[in-house]
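Each chain, written out:
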Amino acid sequence: MKEIILKVISQPTVGLEAENIAPKVFACKSSMEIAGLPIYEGNRERRLGDFFDVSGEAGEAEAETRIVIEGDVRLTKRIGQGMRAGEIHIKGSAGMHLGSKMRGGKVTVEGDCEAFCFQEMRGGVVHIKGNAGNYLGSATRGNWRGMRGGTITVDGNAGSEIATFMKGGKIHVKGDCASFAGVHMNKGFIVIDGRAERRIGAEMIGGTIVANEVEAMLAGFKPVETVKAPEIESEKFTGNYKKYSGDHADSRAKGTVWVKIQ
Amino acid sequence: MEIHTDVICPFCGTLCDDIEVHVENGRVMEALNACKLGNAKFMSMNKKNRHIVPMVRGEDGFTETTIEDAVERVARMLVDAKKPLLYGWATTECEAQSVGIELAEEVGGVIDSCASVCHGPSVLAIQDVGFPSVTLGEVKNRADLDIYWGSNPMHAHPRHMSRYSRYPRGYFRERGQQDRTVIVIDVRRTDTAGIADKFLQVSPGDDYELVNAFRTLLNGGDIPDEVAGIAKKDIASALELMKTCQFGMLFFGVGLTMSPGKHRNIDNAISLVVDLNKYTKFNLIPMRGHYNVTGFSEVLTWQSGFPFGVDYTRGYPQYNPGETTSVELLSRGEVDAVFVVGSDPAANFPKKAVEHLAKIPSAVIEPHETPTTYLCDLNIPSAIAGIEVEGTAYRMDNVPIRMRKIMDAPAGLYSDREILEMILLKVREIKNGA
Amino acid sequence: MELEIKNGVVFDPLNKVDGEKKDILIRDGRIVEKLKGKHDVIDASGKLVMPGGVEIHSHFAGGKETAGRMLRPEDGARTVYPKRNGLRSGSGYSMPSSFTAGYLYAQMGYTMCNTPAMPPLFARHTHEELGDVPIVDKSAYPTFDGNWFVMRYLKEGDPDKLAACVAWFLRATKGLVIKIVNPGGTENWGWGKNAVGIDDPVIGFDVTPAQIVKGLAEVNERLKLPHSIHLHPNNLGKPGNIETTVETLELCREVKSANARQTVYLTHAQFHSFGGDSWKNFESKADELAKYINRCDHVVCDTGNVTLDETTTMTSDGPMEYFLHNLTHLKWVNKDVELETAPGITPFIYSRKNPVHSVQWAIGLELALLIDDPFKVLLATDHPNGGPFTRYPRIIAWLMSEPYRRYYMEERVHKGAQKGSSLATLDREYTFSDIAVVTRAGQAKALGLSELKGHLGVGAHGDVAIYDIDPAQVDPSKDFKAVEKGFAKTAYTIKDGEIIVKDGLIRATPQGRTYWANPVVDHELDREMLKDVEQYFKKYYSVNLANYPVQKEYLKRGREIQIDARDVK
Ligand code: SF4
Ligand SMILES: [Zn+2]
């Protein structure tokens, strides 16, 4: 795999839209060509080179291309949108819509990621080493088909409404999770190692959530049983867990939430 | 004396269209049928000292300027900006809104209404789960159960209950009030709660839990003895009223859209209404505040596909509330100019947003003096829509009504639409290198 | 302004021109015999020349149409249209936004579009929005299915006042056509109920769907309206509904046509041609409907083709939309309108893998192929209900090519379509002339607008579509892809003599006309009727009568069709 390095040299004033920062777009291009790619600062078309110093070499194909971003790209949106292969490694924090509709490949963020990242993801592996914003791995506005595949791991905390309308894949939050984790979830798997704020699993009709601790469970969740060291979605968990079914606010409810008994 | 009948009240989303206004020598003498709020709006026409001339901020405070200069300044500000925000729109007519949308598209900016701080969450919820609704005449003719949740119409929509829900006689409700039951759900005992048949006091911030409990019970589940500060038996008996009525209505206000959970409160409340349709006829209507916030979403939706928070910076509409909406854009510092039309963000927005607003170039079209007119670099007074200017407004139930003009604006004042058209023209001139 | 279109291969069925090389001359927006002076010339040799397309039934603008867009930002985001060359931006896959809809229709060669279900109370909205649909001429059909005045006069047996009242509503809403959607069912939906058979009672009004249909059909002819009643019968989309459909059509058989045309227009016939009694034994009854329509002269229908897309259903049939929502559990909008009707909306995914959807796909095509006279079966998808109108070119290609249909049958759709319909046995292929009928001439004729629209004879509007298809070179049966591509974007679209589209690109965006009917009945009768209206308004509507009629400001380019109906007294 070949590597292109983007070094942040200037920060935009109103944010950037940079769906062109993606392995597929970079593949087979020279660093010169890459620096000339259009990105958008508000209504102005700019060059990638206006904001990034480009070095290294891109691969022959998407899968052969790794992009390393050095610096803070918190205000740069849509990086890796729709990527199917290859790699993106962000050494700072990342902006909105990172990896949205991603189907494959690998994304690593050393810092945090903003809201609306990895929406409607279908495949690939994601590692956020900092915190993730609201709507991580959720559905876009109005869509009832959310994340369908792939895995997202967050070492820190995650915001509210992660994994809305989830239909597959896995999100693992090692820290705490704000309210409405997995709202309208249908299938898929969420693991929260820390504490989940209330309304976890709200309106879920399917899928599985495991939480170490919850602020509160909604009335629509019915305790089913207590299980010692359960195996959930073929993963082993230690300790005693209380299993709930829900959210029975919906008559079709077939979701499961497991909460560790402290 | 001129008597104007069938006048539309341009104040709240109830959009009463039966006001009789008496005008003598350019003064409003009376506004019959109007409620206190509506009356105050009509009577405010008699206030002295209305601003006629645009004001621009200079080194030492505001100075007067001409409309031509003001238009040119706004146009330049918009053209120079990389991502201008065009905000407001809820208190002007659709014809002006339409020009505003064209302007936003022309300058590649973001256009947003105050929905994003009142009923935007309702729209997000609708987009997730739908919207079983009816027009207000249906309520009048059929409803035997009206629920007001997080809404206090006695104060915010004073004629709502007398025109549509609690009091009127309807085709299938000949006895009026006697044929109807009212439930109020709120965090405190409001005046509306005082005239309700049933009041549920929900603990602050727990509305979602209450909806969840209603739905769980409705779908045959069980709930704890108390949810959201309300005893199970009270929840159950309210639910029984809902299931057994012939035609139920849920009216909800900012008490529900702005309490924690926001659009998810509405999302779940809508789903409750959908579920209730298995038992009876049930619908809901948001209690829209400003009289034409609904019209703005209608026009923007048929023109762009999306109802508020539309970002045209890429030349096509993009919509993602939470990202493309005013409070977030300002708080995150993502816009570099603001143009306000008929709204007062300086008074209503969170501190962080207002701070950014104060830092970037800004202008406002507004008939009155407001915190925003002081905060902005430039303000252009305009004629008052619905009183001095005719045009379309959409009621809270999306019914379009043509507002009437009952008097002339003071000489020298232009309508919002005229000012916006001048700006649009100027923008095109500047862009074409003139 | 003068224009000559030279050497094109012209298909103009209303003037019996069938693929002749012929020059078309336009002066001052109308087709003429001779030009006077210097003029532009379009060389159309080797190209197909047809009158501008006429859309007779498409939900492209109006209150529920906008509610449908609002409901589905995900449909908006699926297809976006940037602002360019002076064109406005827009969005929407199944439900394009207003400006975009005008552009897309014009690019396909359409020059008139009619929005077919306007709740009268929302007429102002419809006209405001129509003002933002550029280029095409247009009209709107107000709905009368649950109109309380109509039901009251039917019950009281007062056909004169009924006629006067319908005339008043057309005038007040600036509508062109009497539209009926699920007669009686929409009123019953006010109580969460429906009317599935034509003799079901309407709660609280003591009338039946049959009375509503027949009564309005008669009124329509007494008012001498250009079009017949435009009907979406009871029981749409339910297995076995063919019976209701035929019974409903039968109601209008004896009604005397005032304008030598059909007395009932059955819209989206596909949705009304179902057999079986459950989704399990669901099957096509297109043959039965076709047989009926072939036998009689009082019916014209449109196909209501299903195009196997993800779309947004929106009709004034509230109970049906609720029924659909219960099938799919997808988000659902309901919009009951006081004293009038009850629209609903829900997204729908027609899947090629689904046997029922595949049979529906087949039914739309069967109808077109089994009904002998193409003037009786027009092409429409009930946009966006069966699929977006942008799919018309593909439907045209299916109609013209048996191999294309066979390919779909065998490779693309569920095998159930072969069992559940007769499509596999049909080898009829539409000619270009047939296509000209089912996309323009037939529409213009059925609408009663064939003096101005749907043909290229002298006096007609100078609306012309020129397609890059050379009938001498292209064998539609084999080159179905070329046909599909050719009909997708015109080489030229000409509207009122002005070149609007060239090589598929929009060059001008004039405002089209809005047609509306104004049948004038006896003055005394009108006054008497209005007294009732006033009384009802005060008591039951939520707006004042004075604020109800659509003001003239809303029609940017209104065209009143005045009709002398003073013999109605
Ligand atoms: S209720 Fe609202 S619209 Fe009606 S008079 Fe009062 S303020 Fe005006
Ligand atoms: Zn239709």
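From a predicted model like this one, the values you see are computed outputs, not experimental measurements.

What follows covers the interface of chain A and chain C. In many reports, interface size means the accessible area that the parts give up when they come together. Taken together, the contact pairs 6 residues of chain A with 9 residues of chain C. Summed over both partners, the interface of chain A with chain C comes to about 590 Å²; 63% of that surface belongs to carbon and sulfur atoms. If you sort the residues of chain A by the area they bury against chain C, A:Trp144, A:Arg145 and A:Arg252 come out on top, with a joint share of 70%. On inspection of chain A and its partner chain C, the count reaches 1 salt bridge. Its salt-bridge partner being C:Glu310, residue A:Arg145 comes within 2.8 Å of it at the nearest N-O pair. Taken together, the connections running from chain A to chain C amount to 2 residue pairs in polar contact (both at pLDDT 80 or more). Split into classes, the residues belonging to the side of chain A that touches chain C amount to 1 nonpolar, 2 polar and 3 charged.

On to the sheet that holds strand S18 (residues 332-336) of chain C, then. Ordered by their spatial adjacency, 4 strands build an open sheet running S8(B)-S18(C)-S19(C)-S17(C), and the pairing between neighbours is mixed. Unpaired on one side and paired on the other, strand S8 (130-134) of chain B together with strand S17 (310-315) of chain C mark the two borders of the sheet. Pairwise comparison of adjacent strand axes, ignoring direction, gives a mean angle of 20° for this sheet. The pairing of S17(C) with strand S19 (residues 344-349) of chain C spans 6 bridges and is antiparallel. Within the sheet, the bridge partner assigned to C:Thr311 lies in S19(C) and is C:Phe348. Packed on one face of the sheet, helix H11 (residues 318-328) of chain C meets S17, S18 and S19 of chain C and runs near 35° to S19(C).

Turning our eyes to something else, we now look at the packing of aromatic side chains. How two aromatic rings sit relative to each other is given by the distance of their centres and the angle of their planes. Within this structure, the stated rule accounts for 49 aromatic pairs over all chains. Each ring, one from B:Phe172 and one from C:Trp191, has its centre 5.0 Å from the other, and the planes form 85°; the classification is edge-to-face. Of this pair, B:Phe172 sits in the loop between helix H7 (160-163) and strand S10 (181-186) while C:Trp191 sits in the loop between helix H7 (185-188) and helix H8 (209-222), on two different chains. Its relative accessible area of 14% is what places C:Trp191 among the buried residues.

This part takes up helix H1 (residues 36-43) of chain B. All names here are of chain B. Every buried residue belonging to H1 is among Gly 38, Lys 41 and Phe 42, and all of these are buried. Each buried residue of H1 sits inside an arc of 95° when the element is viewed along its axis, so together they form one side. On its buried side, H1 packs onto strand S1 (2-7), strand S2 (19-24) and strand S3 (27-32).

All names here are of chain B. Taken in spatial order, the 5 strands make up an open sheet running S11-S10-S9-S14-S15, and their pairing is parallel. Of all strands in the sheet, those with a lone pairing partner are strand S11 (198-201) and strand S15 (281-286), marking the two edges. Put simply, the sheet's adjacent strands are angled 15° from each other on average, direction ignored. Judged from the 6 bridges that link them, strand S14 (residues 247-252) and S15 form a sheet pairing that is parallel. Across the sheet, Leu 250 pairs through a bridge with Leu 284, a residue of S15. Relative to S15, helix H12 (residues 263-276) is tilted by about 155°, and along the sheet it contacts S14 and S15.

When you tally the buried positions in helix H13 (residues 392-400) of chain C, you get 9 out of 9 residues, the bulk of the element. Those residues of H13(C) lying buried are C:Tyr392, C:Pro393, C:Arg394, C:Ile395, C:Ile396, C:Ala397, C:Trp398, C:Leu399 and C:Met400.

Residues and elements named next belong to chain C. Structurally, the position occupied by Leu 308 is in the loop between strand S16 (299-302) and S17. Residue classification places Leu 308 among the buried residues on the basis of a relative accessible area of 12%. Remark: the alpha-carbon pair of Leu 308 and Val 464, spanning 156 residues in sequence, is separated by 30 Å. Sequence-distant contacts of Leu 308, that is, excluding residues within four places in its chain, are made with Tyr 350, Ser 351, Arg 352, His 357, Trp 361, Gly 386 and Val 413.

A few words on the interface of chain B and chain C. Each partner contributes to the interface: chain B provides 68 residues, whereas chain C provides 58 residues. Summing the contributions of chain B and of chain C, the shared interface buries around 5,000 Å²; its carbon and sulfur component is 53%. By the criterion of area lost to chain C, the three top residues of chain B are B:Tyr171, B:Trp302 and B:Arg402, representing 15% of everything that side buries. Linking chain B with chain C are 5 salt bridges, by the criterion used here.

Reading predicted coordinates in detail is not appropriate for stretches of low pLDDT. Across chain B, the average pLDDT comes to 96, with 100% of residues at or above 70. Overall fold confidence for the complex sits at a pTM of 0.98, while the interface term, ipTM, reaches 0.97.

Here the focus is the pattern of salt bridges. Oppositely charged side chains can pair when the atoms bearing their charge come close. For the coordinates displayed, the defined rule picks out 100 salt bridges over all chains. The closest approach of N and O atoms between C:Asp336 and B:Lys281, which form a salt bridge, is 2.7 Å. Of the two residues, C:Asp336 is situated in strand S18 and B:Lys281 in strand S15; the pairing between them involves two chains. The shortest N-O distance in the salt bridge between C:Lys531 and C:Glu528 comes to 3.1 Å.

The rules behind the values
Residues numbered from 1 in each chain as written. Chains lettered and ligands numbered in written order. Predicted model: local features only at pLDDT ≥ 70, side-chain atom pairs only at ≥ 80, totals over all residues. Heavy atoms only, no water. Contact = heavy atoms within 4.5 Å. Buried area = accessible area lost by both parts, 1.4 Å probe. Salt bridge = Lys/Arg side-chain N within 4 Å of Asp/Glu carboxyl O. Polar contact = N/O pair within 3.5 Å; in protein donor to acceptor, adjacent residues only side chain to side chain. Nonpolar A, V, L, I, M, F, W, Y, C, P; charged D, E, K, R; others polar. Pairing = 2+ DSSP bridges. Helix = DSSP H or I, 4+ residues; strand = E, 2+ residues; numbered from the N terminus. Axes fitted to C-alpha atoms, helices over the stretch in contact; angles between N-to-C directions. Phe/Tyr/Trp six-rings, centres within 6.5 Å; stacked < 30°, edge-to-face > 60°. Buried < 20%, exposed > 50% of the residue type's maximum accessible area, 1.4 Å probe, protein only. Arc of directions from axis to C-beta. pLDDT = per-residue confidence, 0-100.

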